[in-house]
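Residue-level structural notes
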Amino acid sequence: MATTGLRAAWARELRYLGGQPWDLALLLWFPVASLMLLLWMFSSGVPTGLPIAVVDQDHSSGSRELIRRLASTRGLAVTAQPPSLEAAQPLVRSGAVYGIVHIPADWDRDRLRNVSPPVVLYDNAQFSLAAGTIGGDVRAAVTSMAVDRLVASEARFGGGFAQAAMRLNGVQADLRTLFNPSLSYEAYFAGMLLPVALHLFCVIAAVSALGREFRDRSVDAWVASAGGSLPRALIGKLAPVVLVYVLLSLGIVVTFAGYRGWAPAGSPLLWMVAIAVLMLVSVAIAIMLVGLTVNLRRALSLTGVYVATGLAFSGFSYPRAAMGTFAQWWAGLLPYTHYLPVQQGQWLGGASASAWAQGMGPLLLFLVVPLLIGLPLLNRAVAQPARWGAR
Amino acid sequence: MTPWQALVTTVGSALRDRGLVIMFVAAVPFYSFFYPLPYATQSVRNVPLVVVDLDASPMSRDIVTRLSAVATVRIGGSATAVGEARDALAAGQIAGIVVVPENFSRDAARGTSTAVTVFGTGAYPVQDKAVLGSVGAVVQGVAGEVTLARLARQGAPAAAMLQSARAGPAFIDQPLYNLTRGYGGYVVAAVGILIVQQVMLMAIAALVGTWLEQRAGTLFGTQAVGPGTLLGTIAGFALFVFLALLYFIGFAFWFQDYPRGGNLAGAVAFAAVTALAVASLGIALGAWFADRERAFQVLLATSVPFLFMGGIVFPREAMPVPINVLAMLVPTTPGIFGFVKLNQMGATWSEIRPEFLNMTALLLLYGGAAWWAVRVRRQEAAR
């Protein structure tokens, strides 16, 4: 009896999806297309050839050498050499270049005298990532010339160039990026955005599947199809959603670790478990949202507030420790905040299984608590036909 | 219906729909406060580091003291070996590891090469850059003092040392816009425009879908629909979009003190074109969806792709050409670029020409699409 009820609810859901191309598209084709789009978007990995302008007012062999070094940097492309800063600024404002490198007059001569005015990069911090890339590359080019020059000058004290370089490098800051050392934005952006996009799609699909029964006042028929048992009706209805999204989420791991040919630093298996749990959490949240609202439109609006903004609060770019108190607290109430370090640990960091288990604890709470809130509310709403049909 | 009647009816219908009036009027102000919350602190601060001090000398303790004075980081603990802290870094519990090697102060005094090593994590690039940059600056400060002390011991002339101590930097990285390099100043300027588009598209498409379901409103009632009716309806919806845009670029940016007001007149003019384009797209989508809730289901998940397609977060130069072409079909692509250039960078009207042309083309395209979709739906209904 139990399985027949389940199977009947499952069959009823599949029949509905078969007759409603829109709902099928929302369940399956939109997420697949979005994931492929996001993956393609970041496929170049690291931005290269970002356009900059150089204003060379020195016209010396030194300044030309600097321009050559700038142009040979992978991240940069010198696309314009306007005569003055006044002529260069419109290029930034119109978006043609991300920054201006200014080499002042007599720079090379004064450099030899050790009194040189600085080379200035005017970048556009409104484009934070591009400005950061350019800043690092221009700094490297300018510093490489300065170091060559310093070594030559220090070498006057004897011992040759090698010793001069060693003396100059007495104390260094050795800056290293572990895990994703090339700062590949494919590994970073696509690695984070694909799961969060799928999480959002999964909540939308589950909210839609549940919410439309209330909207269409078809709750009776739905629960009756499962032999009058709400749990069985729920499982039968949501099983297609769970199945599709768990498979898609595992597909993400397979795409990164298999198709794209990267090796997760930790365990692909632990990552798969975590991302599958995130999908189950999404369904639990959907049950809570529909239980709270008993209204498809309102449940979707709440999905916008609670899930769609989750990325911003999760600390995926701007660290959570740097946020204000309220933002940190709200971030703690979002499942993606807790999923993220678990994934980054297995995907890029190579964190231990015990760190994984520690991270999974809070994530599992997001499976339990929304159900504890949602199921009783849903149970009550099913018994109150007067509340159905709200738009 | 005259255009004016259509406009009034549209505005009235939007304000009378008890479910959607919140979307038309209150959602943008709500998101304008809610979304920027994580970025309100503007720059990375307080991220925890673990120090592995293998030297345990006055000099290494001095480095730790100076680190604890940097706002970007805080000392979150110490370890006796890198291996102890590595798992915490991999699991994202700490943001970096600072290692002072054995015999560091002795080697520094002697002039033997030595280095303070800083490990950040590429799993969080923004945090990584902040950690490496701030710790690097502290170490370089110490290195400069050590070098000067060594030169003095070696008998360098005092005048030369004074000159080198006073020498300015060889390189300056100066932002032209977003002068504080605020993280919110960069994100919110772009996302604000996205928020307006997404909220308004959902509201408009949902209302048009409702009209279609109920055979009501200016477009799907019993009256004939001419170009004037459609224009009036577009203008009515555009009014809400326009006000929401003005609210963001006028009030929200000012109240939360983000960069703003570069070319206000230009921004207002561009907001008018943008509002008409978004309203037309909303009508076209609503007629296509033909359902009150569909717009929410479809558009909720598009925000993230739309934001990244816009080319502010991830540069256009790094994206495949077909994606950049596809992105030109979304109003936020010229919208975000155009508004950032006008509001934050003070661009002149001729400097946003590509965005203006793109937006105008979208207005014509989606105006035509709305006209066509409404006609098709009306013919279906008549049959």
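Keep in mind that what you see is a predicted model, and the values were worked out from it rather than measured.

Let's shift gears to the overall build of chain B. For chain B, the count of helices and strands is 16 helices and 5 strands. By the compact-globule yardstick of 21 Å for 383 residues, chain B is too spread out, its C-alpha radius of gyration being 29 Å. Taken over 383 residues, chain B has a buried fraction of 57%. Surface summary for chain B: the accessible area is close to 14900 Å², and the carbon and sulfur share equals 64%. Distance from the positive charge centre (25 side chains) to the negative charge centre (19 side chains) of chain B: 8 Å.

Across its full length, chain A carries 16 helices and 5 strands. Relative to its length of 391 residues, chain A is extended, with a C-alpha radius of gyration of 29 Å against a globular reference of 21 Å. Within chain A, buried positions represent 56% of all 391 residues. The long-range fraction of contacts in chain A, counting pairs at least 24 apart against all pairs at least 6 apart in sequence, stands at 76%. Counting only carbon and sulfur atoms, one obtains 64% of the accessible surface of chain A, whose full area is about 15000 Å². If the 28 positive side-chain charges of chain A are averaged to one point and the 18 negative ones to another, these points end up 13 Å apart.

The next point concerns the sheet that holds strand β4 (residues 114-121) of chain B. Strands pair in a sheet through their backbones, by hydrogen bonds, and they do so in one of two ways: parallel or antiparallel. Spatially, the 5 strands line up as an open sheet ordered β5(A)-β4(B)-β3(B)-β1(B)-β2(B), and their pairing is mixed. Each end of this open sheet is capped by a strand with a single partner; those strands are β5 (171-178) of chain A together with β2 (73-78) of chain B. Each strand of the sheet is rotated relative to its neighbour by a mean of 25 degrees, with strand direction disregarded. Two elements, strand β1 (residues 47-53) of chain B and β2 of chain B, share 5 bridges in a ladder whose sense is parallel. In the sheet register, Val-50 of chain B faces β2 of chain B, and the bridge partner there is Gly-77 of chain B. On the sheet, helix α3 (residues 58-68) of chain B packs against β1, β2, β3 (96-100) and β4 of chain B and is oriented at approximately 135 degrees with respect to β2 of chain B.

What follows deals with the side chain of Asp-107 of chain B. Residues and elements named next belong to chain B. Looking at the secondary structure, you find Asp-107 in helix α5 (residues 104-110). A relative accessible area of 11% places Asp-107 in the buried class. Excluding anything up to four places from it in sequence, Asp-107 contacts Glu-102, Thr-112 and Thr-114.

Looking at the secondary structure, you find Thr-337 of chain A in helix α15 (residues 335-349). Here Ala-331 of chain A takes part through its backbone oxygen, which lies 2.7 Å from a polar atom of the side chain of Thr-337 of chain A.

Let us now look at the sheet that holds strand β1 (residues 50-56) of chain A. Across the sheet, 5 strands lie side by side as β2(A)-β1(A)-β3(A)-β4(A)-β5(B); this open sheet has mixed pairing. The sheet is open, and its two borders are formed by β2 (76-80) of chain A together with β5 (171-177) of chain B, each paired with just one other strand. Adjacent strand axes in the sheet meet at a mean angle of 30 degrees when their direction is disregarded.

Here the focus is the interface of chain B and chain A. Buried accessible area, meaning the area lost when the parts come together, often serves as the stated size of an interface. Taken together, the contacts link 105 residues of chain B with 104 residues of chain A. Buried area between chain B and chain A, summed over both chains or domains, comes out near 9300 Å², and the portion from carbon and sulfur atoms is 65%. Along the contact surface separating chain B from chain A lie 7 salt bridges. Note that Arg-391 of chain A and Glu-293 of chain B form a salt bridge whose closest N and O atoms lie 2.7 Å from each other. Where chain B packs against chain A, one counts 43 residue pairs in polar contact (both at pLDDT 80 or more). Sort the elements by how many residues they give to the side of chain B that touches chain A and helix α6 (residues 125-153) of chain B lands first, with 11 residues. A class-by-class count of the residues in the side of chain B that touches chain A yields 64 nonpolar, 24 polar and 17 charged. In terms of strand pairing, strand β4 (residues 119-124) of chain A meets β5 of chain B through 6 bridges, oriented parallel. From the neighbouring strand, Leu-121 of chain A faces β5 of chain B, where its bridge partner is Asp-173 of chain B.

Rules behind the numbers
Residue numbers here run from 1 along each chain, matching the order of that chain's written sequence. Ligands are numbered from 1 and chains lettered from A, in the order in which they are written. Residues qualify for local features only when their pLDDT is at least 70, as the model is predicted, and side-chain atom pairs are given and counted only at 80 or more; totals for whole chains, interfaces and linings, by contrast, use all residues. Hydrogens and water molecules were not included; the side-chain quantities draw on all heavy atoms of the structure. Elements are defined by DSSP. Helices are runs of H or I of four residues or more, strands are runs of E of two residues or more, and each kind is numbered from the N terminus. Our radius of gyration looks at C-alpha atoms and nothing else; its globule reference is 2.2 Å times the residue count to the power 0.38. Buried means the residue's accessible area, taken with a 1.4 Å probe over protein chains only, is under 20% of the maximum for its type, while exposed means over 50%, and partly exposed covers the values in between. Computed with a 1.4 Å probe, the accessible areas rest on the Shrake-Rupley method; for each residue, only the protein chains presented here act as cover. As used throughout, the charge tally considers Lys and Arg to be positive and Asp and Glu to be negative, leaving His and the chain termini uncounted. By convention, the point assigned to a charge is CZ for Arg, NZ for Lys, CD for Glu and CG for Asp. By definition, residues are in contact when any of their heavy atoms lie within 4.5 Å. Here the rule is simple: two strands pair whenever DSSP picks up at least two bridges between them. Interaxial angles span 0 to 180 degrees and are taken between N-to-C directions of axes, which are lines fitted to C-alpha atoms, for helices over the stretch in contact. Think of a polar contact as two N or O atoms within 3.5 Å of one another; within protein, one of them needs to be a possible hydrogen donor and the other a possible acceptor, and neighboring residues in sequence only count if both atoms come from side chains. Accessible area that two parts lose when put together, with a 1.4 Å probe and added across both, is what the buried area reports. What makes a salt bridge here is a side-chain nitrogen of Lys or Arg within 4 Å of a carboxyl oxygen of Asp or Glu, nothing more. When residue character is reported, Ala, Val, Leu, Ile, Met, Phe, Trp, Tyr, Cys and Pro are called nonpolar, Asp, Glu, Lys and Arg charged, and the others, Gly included, polar.

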